Amino acid sequence: MSLRTSLLLRQVSARLPGLPAAMQRLYSLDVAAPLLRTQGYLGGRWVSAGSEFPVLDPATGQELARVADCGPAEAKRAVDAAYEAFQSWKQVTAKERSVLLRKWFDLMTLHKDDLAKLITFECGKPLRESLGEISYSASFMEWFSEEARRVYGDIVPSPARDRKILLLKQPVGVASIITPWNFPSAMITRKVGAALAAGCTVVVKPAEDTPLSALALAELAEQAGIPAGVFNVVPCSREKTPAVGKVLCTDPLVAKISFTGSTATGKILLKMAADTVKKASMELGGHAPFIVFDSADIDEAVKGAMASKFRNSGQTCVCSNRFLVQSGVYERFLDRLGRAMDEELRIGHGSEPETTQGPLINARAAEKVSQQISDAVSRGAKVLRGGNRLHGSFMEPTLLSDVTAEMLCTREETFGPLVPVLRFNTEDEALAVANASNVGLAGYFYSQDLAQIWRVAEALEVGIVGVNEGLLSTPEATFGGVKQSGLGREGSKYGIEEYLDVKYMCLGGLRP
Ligand code: NAP
């Protein structure tokens, strides 16, 4: 029986409540049965917990599946399994690890359509973007399958003739991986690809909203032949998260914690990890400035603004959050951006081919955007497009002009489809506003002035800067922020270093 003939074993249907009749229809999640996993994956076994939690389609509120609600006991079992597996995985040759990661990449590519459907249904993202995420997610398995074979140590010239100095790189051990819902697949592979390539084993705790993508990855890991205990997944409800998080951040067998999520949660995890002095990588919140200078190519700037703002309905950590536009091009930029929003953005269920704007992850997220809009309007901002909260967690893409630095939307990360536009006169003024933030993940600017490009790229206090470009992420480049946006870097040749220790070996007694 071919894989496709085993499809449609599970169907979940729902109507999208509150939408105009023309948009009412049934939405079905049809994926290959083996990819719709609902148990935890511990030590190479699929396990139930005492209870389950529901996974909902954020567009309809309908239940997609019920998933094992793992607690601290399952988390501890997973850590123990990972620790045991580490003893043999670290001995596996780099080439063998590379081959297994490559198989995992091949399987992700083979099943990309089903993996994308899972993302769309549990996270709300339009299907085209979900396919893009799977391609991005799989690319980390490919990249780190290649990097696995390039972990070089050093032989350093010694000051003594009877000694040699060798610097060896070794895997740190078991890594706890805690990930958010907005990239349910890629935030896992960006860490796990590097960890496994280095010779570490992992325990993954996915977000409550999006465990299905993580469990589908576990299914493919098993099919690829990743040994039992090397990759473990402990899904859990928000209620159990603190207790599971505590095990993952404090168990003495865990050597490293790698987290992607909000700055507030990152601080909690760092404090917990401090007691046993674990290594930590933190990919935290952003508040990206998007600056358009008078010399910019405005059509390109509009294209970049659309790409960097509206992906995943504005729910990415590198989303442009504050738009600073120089006086000479302010009106023109607003006019063209407004027209592009009218022409290109369509709200709907992510599985509809024409949808570009799915729901926000939940009603709380939509409420936050609404509050930022109300606050801005009460302080003098003008609504040029949108402004309204729709049914459920859907939110109209919104364009605001006359925004000032005191408004909530310029002080806090939005995580929604809101474009607040501030006017500025000088480069220094723009940089002062852009850098007046305690986080610094991504930043973007548009300019055709070469001297300005160097000045501004160097002066922006961020870890990732897009110059005349709105989409930046790729496995070849580093990903990570400065200030309270985090610690460490993912992707690139540096990503694997986060999972390696350097050991100094002094080889003495060598007679000259
Ligand atoms: P979040 O609330 O911090 O949650 C992220 C993950 O942490 C989820 O798995 C969550 O579990 C878990 N968590 C929460 N409290 C925990 C605890 N006490 N112990 C252990 N785990 C805990 O963040 P979010 O709202 O899902 O994601 C949005 C944020 O992530 C934004 O600030 C965004 O900028 C940031 N982000 C950053 C990057 C980056 O690469 N820098 C990438 C994507 C997103 P539950 O789901 O069960 O709550």
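Keep in mind that what you see is a predicted model, and the values were worked out from it rather than measured. (Residues numbered from 1 in each chain as written. Predicted model: local features only at pLDDT ≥ 70, side-chain atom pairs only at ≥ 80, totals over all residues. Heavy atoms only, no water.)

Participant: I keep staring at the environment of Arg385 and nothing clicks. Help me out?
Facilitator: Here Arg385 is to be found in strand β14 (residues 382–385). Residue classification places Arg385 among the partly exposed positions, given a relative accessible area of 24%. Expressed as a C-alpha distance, the spacing of Arg385 and Thr109, which sit 276 residues apart in the sequence, is 39 Å. Beyond its immediate sequence surroundings of up to four residues, Arg385 is in contact with Gly338, Arg339, Met341, Asp342, Pro397, Thr398 and Leu399. A distance of 2.8 Å separates the side chain of Arg385 from the side chain of Asp342, its partner in a polar contact. (Helix = DSSP H or I, 4+ residues; strand = E, 2+ residues; numbered from the N terminus. Buried < 20%, exposed > 50% of the residue type's maximum accessible area, 1.4 Å probe, protein only. Contact = heavy atoms within 4.5 Å. Polar contact = N/O pair within 3.5 Å; in protein donor to acceptor, adjacent residues only side chain to side chain.)

Participant: What's the story with empty space enclosed by the protein in this structure? I'm lost.
Facilitator: In this approach a probe as big as a water molecule rolls over the atoms, and the regions it shows empty are the leftover space. Evaluated as defined, the whole model comprises four cavities of 30 Å³ or more. Looking at the largest cavity, its volume works out to about 40 Å³. Looking at the largest cavity, the residues that line it are His287, Pro289, Arg322, Ala434, Asn435, Ser437, Val439, Gly440, Leu441, Glu461, Val462 and Lys483. Elements supplying a minimum of two residues to the lining of the largest cavity: α13 (427–435) and β17 (439–440). Here the residues of the lining of the largest cavity are counted per class, giving five nonpolar, four polar and three charged. (1 Å grid on protein atoms, 1.4 Å probe; cavity = no way out; pocket = protein on both sides within 12 Å on 5 of 7 lines; lining within 4 Å. Points joined across faces, edges and corners; volume = space filled by probe spheres on them. Nonpolar A, V, L, I, M, F, W, Y, C, P; charged D, E, K, R; others polar.)

Participant: Is there a simple way to think about the sheet that holds strand β19 (residues 464–467) in this case?
Facilitator: Backbone-to-backbone hydrogen bonds pair the strands of a sheet. The strands run either parallel or antiparallel. Strand order across the open sheet formed by seven strands is β14-β15-β16-β13-β12-β18-β19, with mixed pairing between neighbours. This sheet does not close on itself; its edge strands, each paired only once, are β14 and β19. Averaged over all pairs of adjacent strands, the angle between their axes in this sheet comes to 20°, without regard to strand direction. Pairing of strand β13 (residues 320–326) with strand β16 (residues 418–424), which is carried by four bridges, proceeds in the parallel orientation. Among the inter-strand pairings, Val325 is bridged to a residue of β16, identified as Arg423. On the sheet, helix α9 (residues 298–310) packs against β12 (288–292), β13, β16 and β18 (442–446) and is oriented at approximately 165° with respect to β12. (Pairing = 2+ DSSP bridges. Axes fitted to C-alpha atoms, helices over the stretch in contact; angles between N-to-C directions.)

Participant: Where do I start with the pairing of strand β10 (residues 254–260) in this structure?
Facilitator: Along any regular strand, the residues point their side chains to alternate faces of the sheet. In terms of burial, β10 is largely enclosed, as six of its seven residues are buried. Here β10 pairs with strand β11 (residues 279–283) via five bridges, running parallel. Within the sheet, the bridge partner assigned to Phe259 lies in β11 and is Met282. Regarding the hand of the β-α-β motif, the stretch spanning β10, helix α8 (residues 263–274) and β11 is right-handed. (Right-handed = clockwise from strand over helix to strand, strands pointing away.)

Participant: I tried to follow the pattern of salt bridges on my own but got confused; where do I start?
Facilitator: One side chain can pair with another of opposite charge once the charged atoms of both are near each other. Applying the stated rule across the entire model yields 28 salt bridges. For Glu52, the salt bridge is made with Arg66, and the minimal N-O distance between the two is 3.5 Å. Of this pair, Glu52 sits in strand β3 (residues 52–56) while Arg66 sits in strand β4 (residues 63–68); the two residues are 14 residues apart in sequence, bridging distant segments of the chain. By relative accessible area, Arg66 is classed as partly exposed at 36%. The partner of Arg423 in a salt bridge is Glu331, with the nearest N and O atoms 3.2 Å apart. You can see Arg423 sitting in strand β16 and its partner Glu331 sitting in helix α10 (residues 330–344), a full 92 residues away along the chain. Residue classification places Arg423 among the partly exposed positions, given a relative accessible area of 42%. Take Glu331: its relative accessible area is 51%, and that puts it in the exposed class. (Salt bridge = Lys/Arg side-chain N within 4 Å of Asp/Glu carboxyl O.)

Participant: How should the nonpolar core be read in this particular structure?
Facilitator: Soluble globular proteins: nonpolar side chains tend toward being buried together. Counting residues in each nonpolar core, the largest one holds 98 residues, and the members touching the most others are Trp104, Val192, Leu196, Phe231 and Phe333. With residues up to four places along the chain from it excluded, the contact list for Trp104 reads Met141, Val192, Leu196, Leu217, Leu220, Ala221, Ala224, Ile226 and Phe231. Core analysis: the next-biggest nonpolar cluster, separate from the first, contains 29 residues, Trp181, Leu360, Val403 and Phe445 among them. (Core = buried A, V, L, I, M, F, W, Y, C linked by side-chain atoms within 4.5 Å.)

So, to be careful, I would describe these as geometric facts and stop short of saying anything about function.
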